[in-house]
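Listed below are the residues making up each chain.
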Amino acid sequence: MQVTGTKTHHPPLFLIVTAGLTAIAIALPLTYLVIRVAGVGEERLLALVFRPRNLTVLLNSVGVALISTLLATAIALPLAFLTIRTNLPWRRFWLVATTLPLAVPDYVGGFALIAAFGPKGSLLQLWLKPLGVQELPEIYGWTGAILGLTLFSYPYLLLSIQAGWQGIDPAIEEVSRSLGYSQRQTFFRITLPALRPSIIAGGLLVALNALQDFGTTSVMRFDTFTRAIFLQYKYTFDRHQAAALALMLVSLVLLLLWLEYKARSRAAYYTRATKSYLPPALIDLGIWQVPAILFCLTVVSLGLLLPVGVTSFWLVRGLIVTGTNEIISLAQLMQLAGDSIIAAGLAAIAATFFALPIAILAVRFPSRITTAIERCSYIGFGLPGIVVAFSLVFWGANYLPWLYQTLPMLIFAYLVLFIAQSVGTVRSSLLQVNPNLEESAQSLGKTPWQTLIKITLPLVSPGILGGSALVFLTAIKELPVTLLLAPIGFNTLATHIWKATESVSYSDAAAAALVMLVVSISATLFVLSQSRYKGLTIEAQRSLQREVD
């Protein structure tokens, strides 16, 4: 692998226009915050920012984002290694099962953790009661928030690292070992540096998800920015103070993006040598097979089996105690599932379409303008959904009444919130594609558009599919935006679960939660079944590589 500076030249106009308009549209919620904060006044704004409670909220938000990202990396990196490069027994099963916790809604996961490990009345406390254990240690607060955010967000990192690992030429590692380096030395000297963009991109998503999360922190009664903003909106109706808190959160997100930009070099991570498209030889785990299986089983048990088990318990309990009278009908469930799939599917398509120009500009045409456009795409992911929802309610009700509470506005809100997931995964895949392949295609008479369709898109298809899956799975779980912006009569599984939970109908909520898990898991299985180079045959790749050489 060679690490070199990236060649700069002028980007096509259609990429600049599409990406620029997307960045401007995504920044729209920020204008709402600026309008609100401008009405506060400088003196009062400073007083709000430096209130002891707001500083505590700031430290809580930073701490939970940092710790959950480190723990997610500690889980995702070995999982990616085990499922991509080793002879782990049932490897394909673990490849899918370890990704599925992403399908668990944060509020369902938080509820499952409390029901399983809560201080009193939880499953664990009931099991230990015969031994004299009357109360378990408190799970609310830091412990529960970090545990929930780590368990249900580490797949962001896992998908990104797996896509990056699949893009590494195995011949480079073979050369390293032939030069006398051990497996461990090869990993730290060759593989880990090549994975750095994938780790940074996935880690950024985990950190932003922790800053944006509302369900887990609320269930765990842990004060972060999202919970504080929601309480301000709901109980005090003080829009100015809530906007000031939201502006602090946006500043934190911008700082995170700047640190991520500084940590990421402008180097390229592709090879200029002839790339081998043969699958890499799997590493024999030997006696480490059993510990590896136990590690995977522990992660899957906590991240997937626990929520499914607790939810199933409440559904069965409801059927036994109350029958089917207080549980939603099958026809209603199918309607909710259909609406959820339509909204999340359209969001995934829109996010992929608008993320591609941004990722291509950031990787192939680096400049201050393209960097600013890429950074703008991450702003929405750091904003809490409720802030985006109130912003679009403001703009829709006052200036775009014909668009207010329509499906296109709901899809646009999803786009603002989740396009960063698609940009990050596509970007990390594009970094590993040799630009000489595209230049060779154009030298053979292909137009930029034909090169994009026939060469670039097939090569970055893992990143595109991974990003689409992330957007779909996240959008189908989104709650505040759907509650405020969905068309009248348009209900989703997430809104039904929330309403049922609010009315303490846990059995009714459990039925919708199980359907959501089935839909999300099915979508994940479909995406993971797609091969990496499906759109470009090995012969075509080798032919192109010969042209490059």
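Within an unreviewed UniProt entry, the label attached to the chain reads Iron ABC transporter permease, and the organism entered is Halotia branconii CENA392. What UniProt states about the chain under its Sequence similarities (unreviewed entry) heading is, verbatim, "Belongs to the binding-protein-dependent transport system permease family."

Chemist: Now, about the overall build of the chain: what can you tell me, with residues and values included?
Modeler: A tally of helices and strands in the chain yields 25 helices and 0 strands. Taking all 549 residues of the chain together, 56% fall into the buried category. Counting only carbon and sulfur atoms, one obtains 68% of the accessible surface of the chain, whose full area is about 23800 Å².

Chemist: Can you break down the packing of helix 15 (residues 330-364) against helix 18 (residues 407-430) residue by residue, with the values?
Modeler: Interaxial distance between helix 15 and helix 18 falls to 6 Å at its minimum, and their mutual angle equals 45°. When the interaxial angle is binned, helix 15 and helix 18 end up oblique. With respect to the hand of their crossing, helix 15 and helix 18 are arranged in right-handed fashion. Residue composition of the contact of helix 15 with helix 18, by class: 23 nonpolar, 2 polar and 2 charged.

Chemist: Summarise unusual backbone geometry; cite the residues concerned and give the values.
Modeler: Trans is the common state for peptide bonds, and a negative phi is the common state for residues other than glycine. Although it is not a glycine, Trp90 adopts a positive phi angle of roughly 55°. By the secondary structure assignment, Trp90 is in the loop between helix 4 (52-85) and helix 5 (91-97). Taking the relative accessible area as the measure of exposure, Trp90 reaches 59% and is therefore exposed. Of note in this structure, Arg221 is not a glycine but carries a positive phi near 55°. Along the polypeptide, Arg221 turns up in the loop between helix 11 (215-219) and helix 12 (225-236). Arg221 gets classed as exposed once you look at its relative accessible area, which sits at 56%.

Chemist: Give me the lowdown on the side chain of Asp339, citing residues and values where you can.
Modeler: Summarising the element assignment, Asp339 is placed in helix 15. When near neighbours in sequence (up to four residues on either side) are disregarded, Asp339 contacts Phe490 and Asn491.

Chemist: If you had to explain the side chain of Thr150 to someone new, which residues and values would you point to?
Modeler: Structurally, Thr150 can be placed in helix 8 (residues 142-166). A distance of 2.7 Å separates a polar atom in the side chain of Thr150 from the backbone oxygen of Ile146.

Chemist: Kindly report on the packing of aromatic side chains, identifying the contributing residues and their values.
Modeler: Under the defined criterion, the tally for this structure stands at 10 aromatic pairs. Taking the centre distance of 5.2 Å and the plane angle of 75° together, the rings of Phe394 and Trp395 count as edge-to-face. For Phe394, a relative accessible area of 18% corresponds to the buried category. Through pairs of rings, three or more aromatic residues link up here, namely Phe81, Trp165, Phe187 and Phe188. Over the ring of Tyr140 we find Arg221, and its NZ or CZ is 4.1 Å from the ring centre.

Chemist: Describe in detail the nonpolar core, supporting the description with residues and values.
Modeler: Core analysis: the largest hydrophobic core is formed by 163 residues, its most contacted members being Leu33, Ile161 and Tyr414. The element contributing the most residues to this core is helix 15, with 16 residues. Beyond its immediate sequence surroundings of up to four residues, Tyr414 is in contact with Ala343, Ala347, Ile419, Ala475, Glu478, Val481 and Thr482.

Chemist: How would you summarise the pattern of salt bridges if you had to cite specific residues and measurements?
Modeler: This model, assessed by the stated rule, comprises 2 salt bridges. As a salt-bridge pair, Asp223 and Arg227 come within 2.6 Å of each other at their nearest N and O atoms. Its salt-bridge partner being Arg427, residue Glu374 comes within 2.9 Å of it at the nearest N-O pair. Residue Glu374 is located in helix 16 (residues 368-382), and its partner Arg427 is located in helix 18; the two are separated by 53 residues in the primary sequence. For the residue pair Glu374 and Arg427, the accessibility class agrees, reading buried in each case.

Chemist: Please set out the environment of Ser340 residue by residue, giving values where relevant.
Modeler: Following the sequence through the fold, Ser340 ends up in helix 15. Spatially, the C-alpha atom of Ser340 lies 9.1 Å from that of Phe490, the residues being 150 residues apart in sequence. In contact with Ser340, other than residues within four places in its own chain, are Ile476, Thr492 and Leu493. Separated by 2.9 Å, the side chain of Ser340 and the backbone nitrogen of Leu493 make a polar contact.

Chemist: Tell me about the environment of Leu304, and name the residues and values.
Modeler: Structurally, the position occupied by Leu304 is in helix 14 (residues 289-322). Classification of Leu304 as buried rests on a relative accessible area of 8%. Those residues in contact with Leu304 that lie beyond four places of it in its chain are Ala97, Leu100, Pro101, Val104 and Ile521.

Chemist: Let's hear about the confidence of the model for the chain: which residues, and what values?
Modeler: For the chain, per-residue confidence averages 79 on the pLDDT scale, and residues scoring 70 or more make up 86% of the total. Element-level pLDDT for the chain is lowest in helix 25 (residues 538-548), with a mean of 41, against a maximum mean of 91 in helix 4. Every residue in residues 1-8 scores below 50 in pLDDT, and together they form 24 contacts with partners more than four places removed in sequence or on other chains.

The rules behind the values
The residue numbering used here restarts from 1 in each chain and proceeds along that chain's sequence as written. Confidence filtering applies because this is a predicted model: local features only for residues at pLDDT of at least 70, side-chain atom pairs given and counted only at 80 or more, and all residues used for totals across whole chains, interfaces and linings. Excluded from the side-chain calculation are hydrogens and water; included are all heavy atoms of the structure. UniProt positions are given in the numbering used here, feature names are shortened, and annotations may be inferred rather than shown by experiment. Helix and strand assignments follow DSSP, with helices taken as H or I runs no shorter than four residues and strands as E runs no shorter than two, numbered in order from the N terminus. Between buried and exposed lies partly exposed: a residue is buried under 20% and exposed over 50% of the maximum accessible area for its type, with that area taken using a 1.4 Å probe on protein chains only. Each accessible area is a Shrake-Rupley result for a 1.4 Å probe, and residues are judged covered by the shown protein chains and nothing else. Under this scheme, a helix contributes an axis fitted over its contacting stretch, all axes are lines through C-alpha atoms, and angles between N-to-C directions fall in the 0 to 180 degree range. Convention used here: angles under 35 degrees read as roughly parallel, angles over 145 as roughly antiparallel, angles from 65 to 115 as roughly perpendicular, and any remaining angle as oblique. Working rule for handedness: look at the near helix, and if it is turned counterclockwise from the far one by less than a right angle, call the crossing left-handed; if clockwise, right-handed. Classes in brief: Ala, Val, Leu, Ile, Met, Phe, Trp, Tyr, Cys and Pro nonpolar; Asp, Glu, Lys and Arg charged; the others, Gly included, polar. Two residues form a contact once any of their heavy atoms are found within 4.5 Å. A 3.5 Å cut-off defines polar contacts: any pair of N or O atoms within that distance qualifies, except that in protein one atom must be a possible hydrogen donor and the other a possible acceptor, and neighbouring residues in sequence count only when both atoms are side-chain atoms. Classification of ring pairs rests on two measures: the distance between centres of Phe, Tyr or Trp rings, Trp counted by its six-membered ring, which must be within 6.5 Å, and the angle between planes, read as stacked under 30 degrees, edge-to-face over 60 and tilted in between. A ring is scored as having a charge over it whenever the NZ atom of a lysine or the CZ atom of an arginine sits within 6 Å of its centre and within 35 degrees of its normal. Nonpolar cores are built from buried Ala, Val, Leu, Ile, Met, Phe, Trp, Tyr and Cys residues. Side-chain atoms within 4.5 Å join them into one set. When a carboxyl oxygen of Asp or Glu is within 4 Å of a side-chain nitrogen of Lys or Arg, the pair counts as a salt bridge. pLDDT gives the predictor's per-residue confidence on a scale running from 0 to 100.

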